[in-house]
Amino acid sequence: MKNTNLTLNKKVSLLLLSSLFLTIVFSFLFIHFLYKDLYIGTVKDSLLYQGQRTADHYHYGDVSGSVRDKILWYNVISPYEVSVVEKLENLTKSFPYRIDQNPLINNDDKRELAKGNPVMKEGYVAEFKRNVIGAIFPLMNEERLMGYLLIYIPLAEMTEVFSKGIPILVLTGVMFYFVLFLIIQSSLGSLFKPVREMQLFSNKVAKGDFSGRLNVTSKDEMAELALTFNSMVDSLQHQEERKRQFLSDVAHELRTPLTYIGGYAKALTDKVQTNPEEMEESLHLIQKESIRMQKLITELLELNKLEDTSFSLDIEPIVLSQLIMDSLALIRPHAENKKMDVQHDLNEGSIINGDPNRVMQVFYNILDNALKYSPEESCIFIQSYEEDGLAVVQVGDNGIGIPAGSLSRIGERFYRSDLSRTRNTGGYGLGLSIAKEIMYKHNGSLSVDSEEGKGTTVYLRFPLIEIKD
């Protein structure tokens, strides 16, 4: 099957022509209905009424004299043709025509007339070149059949019946569709202008140009579509900017360790370093940078997996205090190495729905950052409590803190408030991004309150399980 590529303009014109065609067909059927069911039906009812009324004028005696005089007078003043005969065979003299190529009277008609019932006749008469409706009435004197009354009328053609109405109808229809056609043609330009603008703009967007926007001046459905289109382009532009920033950040983050690895590897292959201790130190640095790159790639894959809409959690009820204690057990050896004190005050009744491994990953990440950015012999304090239907975990330290201008960007990919910390701590600014994404998947939130030089406090909020009585 071939695909017919019709423009919207052509489709509207085709719709207009189709509606015109359907209107013509409907008008023809309606006129045919008026002619057949109203005109012919009315003529038939009137003919039966007039025939029965005329037949009722006969009371007794033969069908001659005053009866014939009345029939002759009725023919003068009536549109019907009426004749009266004593014998049925004489009807062919009054009506010497065939109806639909059949004789006027057949055997069935004779039997009905003998019973005193009238007989209707309808069909085409070649001599009149039109249809004829007629009726034959038996003239009864008590129970004796005295004669027959024939009444008939040639039917007018449909064009004759509607000779005045059809031209008016056709003229009105032609004028209406002509005016409608002019209106549509004049408005098609303005009607399809937004569509053409969207088409041109979508072609630019498809080529990667997100600089423009559709100009919205109305408040109709097209305006709503344009606003939705603009919103979609905003989202695409944001995603494109994030992708470019991501590639730039990855390239930047990989450049430094690769430079180190390349430099030390070249020094070893060129035998610039001959001292075994220097060579061992160079190999140690190459290994360290390789581990850092492996960590970067692992964290990137982890973050992309979390951001995928198809990613799902293994949800189960969690006693929050127990999970916090398990996380503290993991970081306690590192805290002891820095002679740091880890204190806690936990609400043991808080229960949430969550993925234990992912929630523990958040706790470990937050506690690990507190250890990294706090001086030796300082203190880390972790507290949990319930507030407004939420379980709140608060992790505070006395570390270096975060500048006020950087707080709003905490959690962005690769963002670090102090780039000089990276090589000392080994971080790439992805840990908090992963933590925020895990909290989002749990319908929770992560927020940071910090003052440079005094310390940082991280707030984790989880929805509590609703326990029904």
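Everything that follows concerns the structure shown earlier in this document.
(A) Just helix 9 (residues 320–337), in detail. For helix 9, spanning 18 residues, the distance from its first C-alpha to its last is 27 Å, which sits close to the expected 26 Å at 1.5 Å a residue. Its maximal kink placed at Ile 331, helix 9 deviates by approximately 40°, while the proline Pro 333 follows within four residues. Among all positions in helix 9, only Leu 320, Ser 321, Leu 323, Ile 324, Ser 327, Leu 328, Ile 331 and Ala 335 are buried. The first or second residue beyond helix 9 is Lys 339, which carries a positive phi of 55°.

(B) Looking closely at the packing of aromatic side chains. Per the counting criterion, the structure on display carries five aromatic pairs. Taken together, a centroid distance of 5.0 Å and an interplanar angle of 90° make the contact between Phe 95 and Tyr 97 edge-to-face. We classify Phe 95 as buried; its relative accessible area is 3%. Plain terms: the ring middles of Phe 95 and Tyr 152 are 4.8 Å apart, the flat faces sit at 75° to each other, and that makes the pair edge-to-face.

(C) Region of interest: the side chain of Arg 358. Looking at the element boundaries, Arg 358 is found in helix 10 (residues 356–372). Judged by relative accessible area, which is 12%, Arg 358 ranks as buried. A polar contact of 3.0 Å, which involves the side chain of Arg 358, links it to the side chain of Gln 361.

(D) Quick look at the pattern of salt bridges. Evaluated as defined, the whole model comprises five salt bridges. Two residues, Asp 108 and Arg 111, come together in a salt bridge whose shortest N-O distance is 2.2 Å. Within this pair, Asp 108 and its partner Arg 111 are both found in helix 4 (residues 107–114), separated by three residues, close to a single helical turn. Overall, Asp 108 belongs to the partly exposed group, its relative accessible area being 46%.

(E) View of the sheet that holds strand 10 (residues 445–451). If you walk across this open sheet you meet the five strands as 6-8-9-11-10, and the pairing is mixed. Looking at the sheet topology across the chains shown, the edges are occupied by strand 6 (341–345) and strand 10. Neighbour to neighbour, the strand axes of the sheet diverge by 15° on average, direction disregarded. Set on the sheet, helix 10 makes contact with strand 8 (379–387), strand 9 (390–397), strand 10 and strand 11 (455–463); between it and strand 11 the angle comes to about 170°.

(F) How the structure looks around the packing of helix 9 against helix 10. One can describe the packing of helix 9 onto helix 10 by two numbers: an axis separation of 9 Å at closest approach and a directional angle of 40°. As the angle between them shows, helix 9 and helix 10 are arranged oblique. With respect to the hand of their crossing, helix 9 and helix 10 are arranged in right-handed fashion. The segment helix 9 lies against helix 10, with Leu 320, Leu 323, Ile 324, Asp 326, Ser 327, Leu 328, Leu 330, Ile 331, His 334 and Ala 335 engaging Pro 356, Val 359, Met 360, Phe 363, Tyr 364, Leu 367 and Leu 371. When grouped by side-chain class, the residues that make up the contact of helix 9 with helix 10 number 14 nonpolar, two polar and one charged.

What counts as what
- Residues numbered from 1 in each chain as written.
- Predicted model: local features only at pLDDT ≥ 70, side-chain atom pairs only at ≥ 80, totals over all residues.
- Heavy atoms only, no water.
- Helix = DSSP H or I, 4+ residues; strand = E, 2+ residues; numbered from the N terminus.
- Expected span 1.5 Å × (residues − 1).
- Bend = angle between axes of the 7 residues up to and from the residue.
- Buried < 20%, exposed > 50% of the residue type's maximum accessible area, 1.4 Å probe, protein only.
- Phe/Tyr/Trp six-rings, centres within 6.5 Å; stacked < 30°, edge-to-face > 60°.
- Polar contact = N/O pair within 3.5 Å; in protein donor to acceptor, adjacent residues only side chain to side chain.
- Salt bridge = Lys/Arg side-chain N within 4 Å of Asp/Glu carboxyl O.
- Pairing = 2+ DSSP bridges.
- Axes fitted to C-alpha atoms, helices over the stretch in contact; angles between N-to-C directions.
- Contact = heavy atoms within 4.5 Å.
- Parallel < 35°, antiparallel > 145°, perpendicular 65-115°, else oblique.
- Left-handed = near helix turned anticlockwise from the far one by under 90°.
- Nonpolar A, V, L, I, M, F, W, Y, C, P; charged D, E, K, R; others polar.

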